[in-house]
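For reference, the chains in residue letters:
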Amino acid sequence: MTKIQIPPYKKIAMICQGGGALGAYQAGVYEGLSNAGIQPNWVLGISIGAINAALIAGNAPEKRVQHLHEFWESICRRPSLSAKAAFGTADLLGTGLESIQEMTKNFMTKTFGSYSAMMAILEGQPGFFNPRPFAPGYGKPSDISFYDTTPLIATLEKYVDFDRLNDPSNMRVSLGATNVRTGNFVYFDNRHTKLTPHHILASGSLPPGFPATEIDGEFYWDGGCVSNTPLFYLMTDEIDRADTLVFQVDLWSAKGELPGNIFEVMERQKDIQYSSRTRSITDAVRNIHRMRQMLLATLDRIPESVRKADPWFDHVAKQAFGSHYNVIQMIYQNKTNEGNYKDAEFSAETMQRHWAVGLEDTRKTLSDTSCLNMPAKEENFVTFDIHRKERYTAETPDPEQASVPMYTYESSDSHGGTNHNTGLPLEKTKPRAKQAPARKTAAKKPAAKPTASTPPKPSAKKAIAKG
């Protein structure tokens, strides 16, 4: 792939979501970026995304793709000879039978995929996790789970250079986790924390399958328990705010078909639960952007002589404008031959498919380099959807998202239909009753002036006070 010259962004970030076996898609995306000469200087990850982030940041650029391959090949099951033979037989179907061939391949992909996921659940994955003999156990949170993740420590130590991982001058690393005691979302950042294999494990300690990871007396679960995408952490970073190009690599798609059976229900539930919260973050950023524009407009109304006399106004103007953020959204698209077990399908064949899709999505994205352009001066935040080839800004948002509110209230109207109101209190939909004509009241006579024989009555306030 031809090397690509990108605009002078100070920060190039890669965000890696959690998603188990789907994480091979992120490895494919990184290989595509590397082939194009794009190297992030900040990686953020949660769960399997934290592992991929550590593999990227913990290796020299020329070794990253190699070690990603070696890691994924080591934790996945070896290629199945029976699967290879079955797919080879399907390929023998001749011309005119393409539809039957496709149906056969989809059926076999689902069959072997479900078998691979079942074996992962029953036997664990080599170098990753093993079933506990007396699961789920009891005692400390680190002892309660169905699987033991200590084998992953040796695997990480084999493929990650932790001295390099802890050098933020090479690459900044931020891993999201959940504090079990407080319920708060926390980040292990190599600018503030010396990262160890336990910090990576903590980010992927998804209960009840995996145990909590203890670090300095605190216990941590998977960051996906709170949020599966660390985009907001990046957007609110105040340490070094600068123009940023973001490759947001998501493994779960929020949009999907209505489920028709219990297995599709389970799959759809996972997609929604673990999909990115980009929409809510985009809305928040859009509101911040509008407030900044209003603040700048307010500053313009202040006489220039007053603004020049006080440097505070220049400081406020600089803070109001903010930095540019260009977010390239790369979302793994669900396949018809996958099921609710797709995040546990650690077969070599499935891993290679996920990897290839990530590589191809990156190639398609970078084929139109205009998506990498620096946002215009008046735009602080833009997003690009690789599957729709459209760019959206805070002022001109995605029309599909803009037409569907982030929060929807529903109520039945007087005709039995449904009203959809967005983010605002519900309005009454029933027709207002006609108001009765106002009654004519007789004019009150003025109160009689007190006389000596009729002392004035105490006021209500005084009566209450005396009581």
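Residues numbered from 1 in each chain as written. Predicted model: local features only at pLDDT ≥ 70, side-chain atom pairs only at ≥ 80, totals over all residues. Heavy atoms only, no water.

**Q** I'm lost on helix α2 (residues 48–57) in this one. Help?
**A** Every α-helix winds through 3.6 residues per turn, so residues three or four apart in the chain are directed the same way. For α2, the tally of buried residues reaches 10 of 10 residues, placing the bulk of the element in the interior. For α2, every residue scored as buried is listed here: Ile-48, Gly-49, Ala-50, Ile-51, Asn-52, Ala-53, Ala-54, Leu-55, Ile-56 and Ala-57. (Buried < 20%, exposed > 50% of the residue type's maximum accessible area, 1.4 Å probe, protein only. Helix = DSSP H or I, 4+ residues; strand = E, 2+ residues; numbered from the N terminus.)

**Q** In this structure, what is going on with unusual backbone geometry? I would like to understand it.
**A** Both trends apply: most residues other than glycine have a negative phi, and most peptide bonds are in trans. A cis amide bond links Ala-135 to the next residue, Pro-136, at an omega of 0°. Structurally, Pro-136 is set in the loop between β3 (130–131) and β4 (147–148). The omega torsion of the bond from Pro-207 to Pro-208 falls at -5°, within 30 degrees of zero and hence cis. Locating Pro-208 in the fold gives a position in the loop between α8 (197–203) and β7 (213–215). Unusually for a residue other than glycine, Ser-47 sits at a positive phi of about 60°. Within the fold, Ser-47 resides in the loop between β2 (42–46) and α2. Notably, Asp-216 is not glycine yet its phi reads approximately 50°, a positive angle.

**Q** Teacher, can you tell me more about the side chain of Thr-350 here?
**A** In this fold, Thr-350 is placed in helix α14 (residues 348–366). Here the side chain of Thr-350 touches Glu-345 through a polar contact of 2.5 Å, side chain to side chain. (Polar contact = N/O pair within 3.5 Å; in protein donor to acceptor, adjacent residues only side chain to side chain.)

**Q** Any chance you could explain the nonpolar core here in plain terms?
**A** The nonpolar side chains of a soluble globular protein tend to be buried with one another. If you look at the biggest cluster of nonpolar residues, it comprises 69 residues, and the most contacted ones within it are Met-14, Ile-51, Trp-72, Leu-165 and Phe-247. Considering each element in turn, this core owes the most residues, 8 residues, to α2. For Trp-72, the contacting residues outside a window of four places in its chain are Gly-20, Ala-21, Gly-23, Ala-24, Ala-27, Ile-48, Asn-52, Phe-346, Met-351 and Trp-355. Ranked by size, the runner-up nonpolar core spans 13 residues in total, among them Trp-42, Leu-231, Met-235 and Val-285. (Core = buried A, V, L, I, M, F, W, Y, C linked by side-chain atoms within 4.5 Å. Contact = heavy atoms within 4.5 Å.)

The values reported here are purely geometric and, on their own, carry no functional implication.
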